[in-house]
Amino acid sequence: MNENLKAYLFGKSILVSEGGDEAHPFETLFSLANLFNIRITEGVNLVRSDMISFASRQLGENVPKPFYKGFPQSVRELSPDQLFFDQMLHYITTYGFGNFSEAGHSLFEESFSRAAFKENAEIRDFRIVTEDEAVSLLKDMTDRLLAGTRPLSDAQYDIVLTCILTYDHKISAVSSKNTATRLLLDTRSLRFTDFLSLPDVIRIVDQLNYEVYHNRNLYQLNLKNQDRKFLTNVIHSFFTAGRTDITACYEKKKAWNGLLHHLHFKAKTEEEEAFLKAMRGKGNQSVYSRFEQAMSEKRISDAVDILKREKGSSALLRNMNYILSRCETTDEWDYVIHNLDSENTIVLLQLLIAYSMHDQNQASRTFQASRTFAFPKYNQLLVHQETPSEAMKRKSRITVGQAGMLTKEIRAKLESILANRLGKVYIDPEMKNYALPLQESTSQGGFGVLTRGTRLHIGEAKKLRAFTYWEKVNDIDLSTFAIDNNGKRKEFSWRNMAGQQSQAITYSGDETSGYDGGSEYFDIDLELFREKYPGFRYMIFCDNVFSCSTFDHCLCKAGYMLRDVDDSGFIYEPKTVQSSFLINCSSTFAYLFGLDLETNDFIWLNMARSSKEHVAGSTEMNFLTDYFHVTDVINVDSFFRMMATEIVSDPSEAETVVTNKTVEVPEGVEVIREYDLEKMIAFMNER
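Counting restarts for each chain: residues are numbered from 1 in the order of the written sequence. Owing to the predicted nature of the model, reporting of local features is limited to residues with pLDDT of at least 70; listing and counting of side-chain atom pairs is limited to 80 or more, with chain, interface and lining totals taken over all residues. Hydrogens are left out, water is left out, and the side-chain values use all remaining heavy atoms of the structure.

Now for the sheet that holds strand β7 (residues 446-447). Taken together, the six strands give an open sheet; going across it, the order is β7-β16-β15-β9-β13-β12, and neighbouring strands pair in antiparallel fashion. With partners counted over all chains shown, the strands left at the sheet margins are β7 and β12 (505-507), one partner each. Examined bridge by bridge, β7 and strand β16 (residues 577-582) share two bridges and lie antiparallel to one another. By the bridge assignment, G446 is partnered in β16 with F581. Pairing between strands is defined by DSSP: at least two bridges between the two strands are required. For the purposes of this entry, the term helix denotes a DSSP run of H or I that reaches at least four residues, the term strand denotes a run of E that reaches at least two, and both are numbered from the N terminus.

Here we take up the state of the cysteines. Working definition: a disulfide is two cysteine sulfur atoms within 2.5 Å of each other. All chains considered together, the criterion is met by zero disulfides. With no disulfide of its own, C556 lies 5.6 Å from the sulfur of C554, the closest cysteine sulfur. Given the relative accessible area of 0%, C556 is considered buried. A 1.4 Å probe rolled over the protein chains alone gives each residue an accessible area, and that area as a share of the maximum for its type sets the label: buried under 20%, exposed over 50%, partly exposed in between.

If you walk across this open sheet you meet the three strands as β1-β3-β2, and the pairing is parallel. Since the sheet does not close on itself, it has two edges, and those belong to β1 (14-17) and β2 (38-42), each with one partner. In this sheet, adjacent strand axes meet at a mean angle of 40 degrees when their direction is disregarded. Where β2 and strand β3 (residues 124-130) come together, four bridges link them in parallel fashion. For I38, the partnering residue across the bridge sits in β3 and is R124. Pairs of residues are marked as contacts when any of their non-hydrogen atoms sit within 4.5 Å. Orientation is described by axes fitted as lines to C-alpha atoms, over the contacting stretch for helices, and by angles from 0 to 180 degrees between their N-to-C directions. Sheet contacts for helix α2 (residues 25-36): β2 and β3; angle to β2, the most-contacted strand, approximately 135 degrees. In the packing of helix α3 (residues 50-59) onto the sheet, the strands contacted are β1, β2 and β3, and the crossing angle to β1 comes to about 145 degrees.

Further remarks concern the environment of L324. Its place among the elements puts L324 in helix α17 (residues 320-324). Put simply, L324 and I300 are 24 residues apart on the chain and 9.0 Å apart in space, counted from C-alpha to C-alpha. Non-local contacts of L324, meaning those with residues more than four positions away in its chain, are made with W333, V336, I398 and L406.

Right, let's talk about the packing of aromatic side chains for a bit. Here the aromatic set is Phe, Tyr and Trp, taking the six-membered ring for Trp, and pairing holds for ring centres within 6.5 Å; pairs whose planes are under 30 degrees apart are stacked, those over 60 apart are edge-to-face, and all others are tilted. Under the definition given, this model contains 36 aromatic pairs. Between Y591 and F623, the ring centres sit 6.3 Å apart and the planes meet at 85 degrees, which makes this aromatic pair edge-to-face. Of the two residues, Y591 sits in strand β17 (residues 589-596) while F623 sits in the loop between β18 (601-609) and α24 (630-633), which places them 32 residues apart along the sequence. Among the residues examined, Y591 registers a relative accessible area of 0% and is labelled buried. A residue is classified by how much of its surface remains accessible, and F623, at 4% relative accessible area, is buried. Residues F593 and F602 carry aromatic rings whose centres are separated by 5.1 Å and whose planes lie at 40 degrees to one another, so their mutual orientation is tilted. Note on accessibility: F593 and F602 belong to one class, buried. By the ring-pair criterion, three or more aromatic residues cluster together here, those being F541, Y560, F581, F593, F602 and W604. Directly above the aromatic system of Y157 lies the positively charged group of R182, at a separation of 4.0 Å from the ring centroid. Note on criteria: charge over ring means Lys NZ or Arg CZ within 6 Å of the ring centre, with the direction from the centre no more than 35 degrees off the ring normal.

This paragraph deals with the confidence of the model for the chain. pLDDT expresses, on a scale from 0 to 100, how confident the predictor is about each individual residue. Averaged over the chain, the pLDDT score is 91; the fraction of residues at 70 or greater is 97%. Here helix α20 (residues 358-364) stands out as the least confident element of the chain, with mean pLDDT 51; helix α25 (residues 636-643) is the most confident, with 98. Counting contacts from residues 362-368, a segment whose pLDDT is below 50, to residues more than four positions away or on other chains yields 15 contacts.

Moving on to the packing of helix α1 (residues 3-10) against helix α7 (residues 154-167). Relative orientation of the contacting elements α1 and α7 amounts to 130 degrees, with a least axis distance of 10 Å. Accordingly, the angle class assigned to the pair α1 and α7 is oblique. Viewed along their axes, α1 and α7 form a crossing whose handedness is left-handed. Between α1, through N4, L5 and Y8, and α7, the contact on the second element is made entirely by A155, Q156, D158, I159, T162 and Y167. All amino acids are sorted into three groups, where Ala, Val, Leu, Ile, Met, Phe, Trp, Tyr, Cys and Pro are nonpolar, Asp, Glu, Lys and Arg are charged, and the leftover types, Gly among them, are polar. When grouped by side-chain class, the residues that make up the contact of α1 with α7 number five nonpolar, three polar and one charged. In these notes the angle categories are as follows: under 35 degrees is roughly parallel, over 145 is roughly antiparallel, 65 to 115 is roughly perpendicular, and the rest is oblique. Each crossing gets its hand from how the near helix is turned against the far one by less than a right angle, where anticlockwise is left-handed and clockwise is right-handed.

The omega torsion of the bond from F71 to P72 falls at 5 degrees, within 30 degrees of zero and hence cis. As for its placement among the helices and strands, P72 is situated in the loop between α3 and α4 (73-77). One non-glycine residue with positive phi stands out, namely K298, at about 60 degrees. Structurally, K298 is set in the loop between α14 (287-296) and α15 (300-311). Its relative accessible area of 55% is what places K298 among the exposed residues. Positioned with a positive phi, N420 is a non-glycine residue whose angle comes to about 65 degrees. Among the structural elements, N420 can be located in the loop between α22 (400-418) and β6 (422-427). Accessibility expressed as a relative area gives 54% for N420, which makes it exposed.

Okay, here's the thing in structure tokens:
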């Protein structure tokens, strides 16, 4: 089976047995338990010895040693001058002389003997399935992923594409236009146009222009002849099938004009000829032009009617701030609120979070007079910091009170449309900590990946060890930033750690790669960090490629371990790894995760940022703290409560069980865990 497919299932605590007899089943089970704390709860008879090497690749048993082999103890014993001199000499050897033949290590570090591993590490319950069972599971996951209207992450999309191509999986629906577009381009099969329409051609061209030509400018096309022919056939197919909403095409009229000219498009039918004239003519009959006309004339109710009737209630919701900020009377406000009747759960959930946080943003982020806009594009995060002039010109403002009213309306609507979808439901209390997969397109995939905004409590006797390791590139840097409630931040990175090493925060050294690659670590003792750096509320961890390459041109993994404050065992102990995920975005910068120093919580971020920055500290990141409060608004627990007919306290009485624990349930009862994102996506997109 494809390695990526097996890795995807591994992240869901599933191992795949690909047949053959196993001569040493007991020894294999023992090795999985001894090396990785993996306990097999189902399919014991299917265990195979190759699962040991596979688990090693997922959890990182063979990771390059860091610059300081005795990290963290030996680092704390060196003076700042020794640490600084070590690094300077290492830089001169590697970058100055270009010597990457072997990994560099400290000159001053004394020999260090480690105690045997003795930490209490979490047991991981896995089940083993046959290859046929795995294929069946993957097909079901593919169907659920394709039910989502939001763009998929690259890891999720890779599963969908591989399942379709490898197993000829027949699909009946693709709800996301972004996903349908990617499938169309990657397969060049016109059958995927069944899930698109004529206005989506501009989306297709934009994606093609970026993926194939690495060009983000839609108005400077230089497509090869084969791509022009392909796009021409796509356009013809929409007219043949009758999926031609020409009115919606007016919204991208300029882009259409340039594209049709570039394709030398020739009409085959009268309808196509009429379309050409419409795009080349002077008029603009788009819905949004009529909507804007009504708004400019202060005809709020007419503007609402136009948008709702022709673009749907979701479009009305997405323009809510703009419309409400122009309302001048109570009647206008009431008319807008009266029309909030969307059945789109995803949009309602996103707006619920946005309006719920409005009060908090006004109160706790007064340091940021300008807003930060963060949105996904090409599965990377684009960030725009509002300029002072833009902030002054901004008109779409609503008050905290108005945001509160909208929050109540949206929550009531959600409860109404979700009510009684499920019968009796048991929900583990810990599911309050897990966020819903609302917008995961910028996420990286791998073991232990959680939904953005998920909070996990770190035990008082534990410390967090963040790590990154790499191959096929000279240098990748791990860094962390402490941020207070006023936006002030303090950097901890290769640039300044020589003078900041302590029991509170320890850094392994800025390793550059030798033959086997390189690695870096941070140890954070949350209690001591709070004492040493009072006033800071959050920490955010980042990875960046110092060598100016992009992550997709190397091999890079990142993640974290929860370790005992008193170290034992190796620096990298797979048993203590909570997550080890692959960073493979076409960018030089990625946000990893954060810490809430006030609550002792780990918060998942995992976002690839569209950036060419190769040194941390030069990018805006205060907006990331918004994600730290997502579960306060909506979480897995509250979402399933809305859908339940009855909440029960005993899993054996439930028809649906929501928990991460290993539980025995009657046959036919569905168990949903935090990593079952496909199931949650399907629930959120039911109508």
